[in-house]
Amino acid sequence: MIRTLGEPRKRVAMDIPPVPDDDVLAAPTRARLFAALAGLRRPASTSELAARVGRHPNTVRVALQRMRHAGLVECRRLPQRRGRPRHVWAIVPDARPGGAAPDAHGDLGRWLARAIRRGGRIADIEAEGRAIGQELAPRNGASDGAETIRDALAALGFAPRIEAMPARGVRYVLANCPYRQAVAENPAVVCSLHRGITQGLLDRMDPGRQLSDFVAKDPFTAGCVIELTAA
């Protein structure tokens, strides 16, 4: 028996596919927790996630541990100025909800319709993507801009890997294209939208850096490159 999880959600940006009954996300609480983290696009504490899904923190903690063992989320220790470190949860960059590489075509269709309404030129589509990226940028993220952008890209389904560059630069290699089917049909439009979304995230999350390179690759083999340098 296959069942579909959850109701349609706005601005989650990573599709959660139908899963078999024995999948870790077949449990409604775990599915809602994964969707909550994808929607936040940043790490969150157990108590914050418990409030979002309406469950007791102890129940949520057990569910998150199960998801961690399944390779979907990770627990991080954030040092505090006073007291013990704070524990937060985040989607791992190479998470495969439902056992498959993430897709995000639900939100992509809505974003493309919105971009085309602005105008059909590539510049218009990229400009609307930038506005979308600014809206998608999480609030109350960590202080490390490179890490917060990586977390946002992971929640969007891009499976990013960080590589250091000289002069305060950072490179993200994207191991998955969640828009691959759409890119195959029209790479100029979809990749321009993605470039704009990346710039919008950067505007809000790491304004001290600028988008210096954006290299699109084959969407089915992935490997797209985003490079940021000091502004």
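Structure report, in brief. Predicted, not measured: the structure shown is a model, and the values here were computed from it.

**Considering the side chain of Asp 151**
Here's step 1: Within the secondary structure, Asp 151 sits in helix 6 (residues 145-156).
Here's step 2: A relative accessible area of 8% places Asp 151 in the buried class.
Here's step 3: Here the side chain of Asp 151 touches Arg 76 through a polar contact of 2.7 Å, side chain to side chain.
Here's step 4: Excluding its chain neighbours within four sequence positions, the residues that come into contact with Asp 151 are Arg 41, Pro 43 and Arg 76.

**Section: the packing of aromatic side chains**
Here's step 1: If you walk through the whole model with that rule in mind, you get one aromatic pair.
Here's step 2: For the pair Phe 158 and Tyr 179, a centre-to-centre distance of 5.4 Å together with 90 degrees between the ring planes defines the contact as edge-to-face. With Phe 158 in the loop between helix 6 and strand 5 (160-165) and Tyr 179 in the loop between strand 6 (169-174) and helix 7 (180-185), this pair connects stretches of sequence that are 21 residues apart. Neither residue differs from the other here; Phe 158 and Tyr 179 are each classed as buried.

**With respect to the environment of His 194**
Here's step 1: By the element assignment, His 194 lies in helix 8 (residues 187-205).
Here's step 2: Residue His 194 is classed as buried on the basis of its relative accessible area, which comes to 7%.
Here's step 3: In this structure, the C-alpha to C-alpha distance between His 194 and Glu 126, residues 68 residues apart in sequence, is 7.6 Å.
Here's step 4: Once you skip the residues sitting within four places of it in the chain, His 194 turns out to touch Phe 158, Leu 174, Phe 214 and Ile 226.

**Quick notes on the sheet that holds strand 8 (residues 224-230)**
Here's step 1: On the basis of which strands lie adjacent, the open sheet formed by four strands has the order 5-6-8-7 and antiparallel pairing. Of all the strands in the sheet, just strand 5 and strand 7 (209-215) have a single pairing partner and so form its edges. Strand-to-strand twist of the sheet, defined as the mean angle between neighbouring strand axes without regard to direction, takes the value 20 degrees.
Here's step 2: Where strand 7 lies against strand 8, six bridges are found, and the strand directions are antiparallel. Bridge assignment links Gln 210 to a residue of strand 8, and that residue is Thr 229.
Here's step 3: Those strands touched by helix 6 are strand 5, strand 6, strand 7 and strand 8, and its axis lies near 15 degrees from that of strand 6.

**As for the side chain of Glu 227**
Here's step 1: Counting through the fold element by element, Glu 227 comes out in strand 8.
Here's step 2: Residue classification places Glu 227 among the buried positions, given a relative accessible area of 15%.
Here's step 3: Among all residues touching Glu 227, those that are not within four sequence positions of it are Met 165, Val 170, Arg 171, Gln 210, Leu 211, Ser 212 and Asp 213.

Conventions we followed
Residues numbered from 1 in each chain as written. Predicted model: local features only at pLDDT ≥ 70, side-chain atom pairs only at ≥ 80, totals over all residues. Heavy atoms only, no water. Helix = DSSP H or I, 4+ residues; strand = E, 2+ residues; numbered from the N terminus. Buried < 20%, exposed > 50% of the residue type's maximum accessible area, 1.4 Å probe, protein only. Polar contact = N/O pair within 3.5 Å; in protein donor to acceptor, adjacent residues only side chain to side chain. Contact = heavy atoms within 4.5 Å. Phe/Tyr/Trp six-rings, centres within 6.5 Å; stacked < 30°, edge-to-face > 60°. Pairing = 2+ DSSP bridges. Axes fitted to C-alpha atoms, helices over the stretch in contact; angles between N-to-C directions.

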